[in-house]
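Chain by chain, the residues run as shown.
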Amino acid sequence: MSRRFLFLAFPLLAAVAAVGAAWTLMAREHPPGDPADEEQVAVGGALYGWNCARCHGEDLGGELGWVAEETNLSDEQVRDVAERLGDVAPAHDDKGQTSRLDDATLFRVIDEGPATVLDKPNSRMSGFHGHLSDGEIWAIIAFMKSHWVEGETPPD
Ligand code: HEC
């Protein structure tokens, strides 16, 4: 490698690294699902209501009624099973473990479904790929995140 090449290559590499770092910072400041973006949150809220609330609850607290519908169990039996097994459809508020998932994982869970992404082969939730666009999924993520209290980690 000639000296002349090194002389040219270093500033170039430094410039590329600087642009990369700036890009990463910008992406972090404005994630695709931005809970501070009111418009995106409003769109996400509507989409959540239509597609997710049936199972995860209108208030993001988890919902059991759909299990009764799908299984012929009574509401009481479902509650009983849910109490023993834990969440039937996890809460998406800041008490649920969903708020621990990073943006990229959240996106994939909604897009592809928990079966492959979270290794839950018996998952009752199908992915929304082809049903919701990428932008719509990010809007739902923005909506869910707008319910999470910054810096608070849910209990185990
Ligand atoms: C038919 C009911 C159903 C519908 C509809 C549904 N889900 Fe789920 N979802 C579940 C269940 C049940 C789980 C728990 C994992 C499993 O066993 O499948 C889950 C898991 C998840 C998880 C992972 C949560 C965690 O803490 O591990 C996310 C994120 C999620 N759902 C988001 C959504 C979003 C967003 C929508 C709407 C676009 C949606 N779900 C629609 C039933 C549903």
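Just above sits the structure.
Below, the structure is looked at part by part. (Residues numbered from 1 in each chain as written. Predicted model: local features only at pLDDT ≥ 70, side-chain atom pairs only at ≥ 80, totals over all residues.)

1. What about the packing of helix α6 (residues 103-112) against helix α8 (residues 134-145)?
Reasoning step 1: Closest axis-to-axis distance for the α6/α8 pair is 10 Å, and the angle between their directions is 120 degrees. Looking at the two axes, α6 sits oblique to α8. Like other packed secondary-structure pairs, α6 and α8 cross with a definite hand, here right-handed. Here α6 contributes D103, L106, F107, I110 and D111 to the contact with α8, which in turn contributes I137, I140 and I141.
Reasoning step 2: Residues of the contact of α6 with α8, tallied by class, amount to 6 nonpolar, no polar and 2 charged. (Axes fitted to C-alpha atoms, helices over the stretch in contact; angles between N-to-C directions. Helix = DSSP H or I, 4+ residues; strand = E, 2+ residues; numbered from the N terminus. Parallel < 35°, antiparallel > 145°, perpendicular 65-115°, else oblique. Left-handed = near helix turned anticlockwise from the far one by under 90°. Contact = placed C-beta atoms within 7 Å. Nonpolar A, V, L, I, M, F, W, Y, C, P; charged D, E, K, R; others polar.)

2. Section: α8
Reasoning step 1: Across its 12 residues, α8 extends 16 Å between first and last C-alpha, which sits within 8% of the 16 Å expected from 1.5 Å per residue.
Reasoning step 2: By the criterion of burial, α8 is predominantly enclosed, with 9 of the 12 residues buried.
Reasoning step 3: Every buried residue of α8 is listed here: I137, W138, A139, I140, I141, A142, F143, M144 and K145.
Reasoning step 4: The secondary structure elements touched by the buried residues of α8 are α2 (38-51) and α6. (Expected span 1.5 Å × (residues − 1). Buried ≥ 20, exposed ≤ 12 C-beta atoms within 10 Å, placed from the backbone.)

3. Some thoughts on α6
Reasoning step 1: Every buried residue of α6 is accounted for by L106, V109 and I110. Buried residues of α6 fall within an arc of 90 degrees about the axis and therefore sit on the same side.
Reasoning step 2: Where α6 is buried, its residues contact α7 (114-117) and α8.
Reasoning step 3: Just beyond α6, the residue with positive phi is G113, at close to 100 degrees. (Arc of directions from axis to C-beta.)

4. Some points on the packing of α2 against α8
Reasoning step 1: Two elements in contact, α2 and α8, have axes whose closest approach is 7 Å; the angle formed by their N-to-C orientations is 100 degrees. Judged by the inter-axis angle, α2 sits roughly perpendicular to α8. Residues Q40, V41, V43, G44, G45, L47 and Y48 of α2 pack against E136, A139, I140, A142 and F143 of α8.
Reasoning step 2: Its residues assigned to classes, the contact of α2 with α8 comprises 8 nonpolar, 3 polar and 1 charged.

5. What about the nonpolar core?
In summary, soluble globular proteins display a tendency toward joint burial of nonpolar side chains.
Reasoning step 1: Of all hydrophobic cores here, the largest spans 14 residues; its most connected members are I140, I141, A142 and F143.
Reasoning step 2: The element that contributes the greatest number of residues to this core is α8, accounting for 8 residues.
Reasoning step 3: If near-sequence neighbours (up to four positions away) are discounted, I141 is found in contact with G33, D103, L106 and F107. (Core = buried A, V, L, I, M, F, W, Y, C linked by C-beta atoms within 7 Å.)

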